[in-house]
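Examination of the molecular architecture
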Number of protein chains: 2
Amino acid sequence: MSEQIVERPLVSITNVIFSFDTVTKQLLVLLLQRSQAPFMGAWGLPTTTLRSNESADAAALRLVKEKLGVHLTSNQTEQLGTFTNVGRVPGQRTLALTYMVYLPVKPALIPGAGARAVRWFAVTPRTDRDDLVAGDLSFTGLTDDVSAADFYQRERGTTQLAADHALIVKTALQRVRNRLNYAPTILRVLGVSFTLKRARELYALLERRSVSQIDNSNFRKTHGHLFEQVGFVRGNGSGRPARVYRLKD
Amino acid sequence: MSEQIVERPLVSITNVIFSFDTVTKQLLVLLLQRSQAPFMGAWGLPTTTLRSNESADAAALRLVKEKLGVHLTSNQTEQLGTFTNVGRVPGQRTLALTYMVYLPVKPALIPGAGARAVRWFAVTPRTDRDDLVAGDLSFTGLTDDVSAADFYQRERGTTQLAADHALIVKTALQRVRNRLNYAPTILRVLGVSFTLKRARELYALLERRSVSQIDNSNFRKTHGHLFEQVGFVRGNGSGRPARVYRLKD
DNA sequence: CCAAAAGTGTTCCATCTACACCCATGG
DNA sequence: CCATGGGTGTAGATGGAACACTTTTGG
């Protein structure tokens, strides 16, 4: 067997940035339309290149700062996984170190360098997948049963997003769901503090059921230990004002 | 602010390879003593360099083949995380893509290229950490409360293993523990099939308590759904022979 | 028949589920 | 004072923990 070439791959950082629309009560993911090769014209997740003097999580934070002007600290990101399939990007070998980012705000969007357009896409649950929808634009998510191996072997041609970003998004949502019952960091998209109603709305969305199916009283009892009362209430509409909570660390 | 240099880092694959000693009932981790810089003479996890024509998980499998001569398929490895701290290795910037590997056998060891010695180290639970012990050699594990940030800031000088391998081992054991109640893939170290007694022994070790504290009857009821009876029994000693089970997928 | 180890059953208690009820605010 | 939504309490169902008991093998 011949000795294999050891090369230096490009190392990119790719973020799944989550936010929340308090009006439509939708979980949002940031996608941008690429204005450069590879995948020019295609929509995909924000990506940057790792620099020599920064760790990958620092790069993930820098990416958020560059694309959205929002400064975050490192406890607002989580490493998702590293995607290394040989042909995942045409041309140069490129690894993707991926992170999940929970934005406590929903900033205005300005397309920056490398992007023709930027938009928030609503995570839209279907029976066995999650689509990403922004007005007229809609991207069908991978169905739940698709494994990474399946994706690279079969589904690759059918995906509408750049590279393997459909797989990255699916992986991210799966992770978020797994964490709902013990470390629901996704709730950070609701801001530093939130009402339990809002929390239940987000749970309902991710569990693919309606808010009314999650009993208020029981939700407090089963998940209350994860929250901490901030102590003040906020009279916002009709009915009794809700207390405000924050995630315990 | 000046533009930062975008370089191509070295990308290494580092494995936490688990096995099991059926005689001493110990969980084992493979360490080797380096015969090359950096960290010459220090003990550390098996590491290789990612090649141009292979994915990271393929490289993890190749590493096992090279060091142990054991051929595995990709469902016997799991991505652990990617370690990218800027100064984690002196000299060249090096990223570590880490994998966990569960060996269904305990192969004989032969030091190969780049290693002065190779040994199995027993995961030895203490009150708030796990040490790695092999006869006269012993490495103190990081205590449970040390975060990654803590490690790189404070604990770095005190660690006895190469680079950040103490942190990688700690992260691996933490992951293994988290999975015990829903996806105990660590049980693969017991081979393709195993008795529930062996499973409880491994659980006891990882939960830092004695086997007698895990009730046989209750263990079946709480974790039985994770296993599948292979169907035959194996008369191995005195007492009623145990049925043999395997992990459900 | 006895010892040893595997496997089963039973009771008790904690926790979750469903649902009724009470509380605080706006109009 | 009534409508609206937030917050509390309670009875039944479910699942885990402790422990007694039965089964199957070797000697």
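Throughout what follows, the structure given in this document is the object of discussion. (Residues numbered from 1 in each chain as written. Chains lettered and ligands numbered in written order. Predicted model: local features only at pLDDT ≥ 70, side-chain atom pairs only at ≥ 80, totals over all residues. Heavy atoms only, no water.)

1. Digging into the packing of helix α4 (residues 196-206) of chain B against helix α5 (residues 216-223) of chain B
Residues and elements named next belong to chain B. Formally: Lines are fitted to the C-alpha atoms to define the axes, a helix being fitted only along its stretch in contact, and any angle between axes, read from their N-to-C directions, falls within 0 to 180 degrees. Under the scheme used here, helices are H or I runs from DSSP no shorter than 4 residues and strands are E runs no shorter than 2 residues, and both carry numbers assigned from the N terminus. Here is the rule for angles: anything less than 35 degrees is roughly parallel, anything more than 145 is roughly antiparallel, 65 through 115 is roughly perpendicular, and the remaining ranges are oblique. In this description, contact between two residues means that some pair of their heavy atoms is separated by no more than 4.5 Å. Only Asp, Glu, Lys and Arg are considered charged, only Ala, Val, Leu, Ile, Met, Phe, Trp, Tyr, Cys and Pro nonpolar, and every remaining residue, Gly among them, polar.
At a closest axis distance of 11 Å, the pairing of α4 and α5 adopts a crossing angle of 90°. If you check the angle between α4 and α5, you find them roughly perpendicular. Contacts between α4 and α5 involve Leu196, Ala199, Arg200 and Tyr203 from the former and Asn216, Phe219, Arg220 and His223 from the latter. Broken down by class, the residue content of the contact of α4 with α5 amounts to four nonpolar, two polar and two charged.

2. Observations regarding the protein's contact with DNA strand D
We count it as follows: Here, proximity means that at least one heavy atom of the residue falls within 4 Å of the molecule or strand. Any pair of N or O atoms that falls within 3.5 Å is considered a polar contact. Within protein, one atom must be able to donate a hydrogen and the other to accept it, and sequence-neighbouring residues count only if both atoms are side-chain atoms.
Near DNA strand D there are 20 residues, and of these A:Ser217, A:Arg220, A:Lys221, A:Arg240 and A:Arg243 occur at the shortest range. Counting only the atoms of DNA strand D that lie within 4 Å of the protein, the sugar and phosphate share comes to 49%. A distance of 2.8 Å is found between a base oxygen of DNA strand D and a side-chain nitrogen or oxygen belonging to B:Arg240. Mapped onto the surface near DNA strand D, the elements with two or more residues apiece are α5 (216-223) and β11 (242-247) of chain A together with α5 of chain B.

3. Overview of the pairing of strand β1 (residues 10-21) of chain B
Residues and elements named next belong to chain B. Formally: The cut-offs for exposure are 20% and 50% of the maximum accessible area for each residue type, with area from a 1.4 Å probe on protein chains only; residues under the lower value are buried, those over the upper are exposed, and the others partly exposed. We treat two strands as partners when DSSP finds at least two bridges between them.
With eleven of twelve residues buried, β1 lies mostly within the body of the structure. Bridge count between β1 and strand β6 (residues 94-102): nine bridges; the pairing is parallel. Following the sheet pairing, Ile17 is matched in β6 by Val101. As paired strands, β1 and strand β4 (residues 47-49) are joined by three bridges and run antiparallel to one another. Looking across to β4, one finds that Ile13 is bridged to Thr48. Here four bridges tie β1 to strand β2 (residues 26-34), and the two strands are oriented antiparallel to one another. In the sheet register, Asp21 faces β2, and the bridge partner there is Gln26. In sequence, β1 turns back onto β2 through a hairpin of four residues, with Lys25 there showing a positive phi of about 55°.

4. Side note on unusual backbone geometry
Going from A:Ala37 to A:Pro38, the amide bond is cis rather than trans, its omega being -10°. The residue B:Ala163 is not glycine, and still its phi comes out positive at about 45°. Assignment of secondary structure puts B:Ala163 in the loop between α2 (148-153) and α3 (165-179). Overall, the relative accessible area of 10% leaves B:Ala163 in the buried class.

5. Some words on the interface of chain A and chain B
The test is simple: Summed over both partners, buried area is the accessible surface (1.4 Å probe) that two parts give up on being assembled. Salt bridges, as used here, are contacts in which a Lys or Arg side-chain nitrogen is within 4 Å of a carboxyl oxygen on Asp or Glu.
Taken together, the 28 residues of chain A in the interface contact 28 residues of chain B. Buried area between chain A and chain B, summed over both chains or domains, comes out near 2,400 Å², and the portion from carbon and sulfur atoms is 50%. The interface formed by chain A and chain B contains zero salt bridges. The interface formed by chain A and chain B includes 14 residue pairs in polar contact (both at pLDDT 80 or more). Counting only elements with at least two residues in the side of chain A that touches chain B, the list comes to β1 (10-21), α1 (56-68), β5 (77-83) and β6 (94-102) of chain A. In terms of residue class, the side of chain A that touches chain B is built from ten nonpolar, eleven polar and seven charged.

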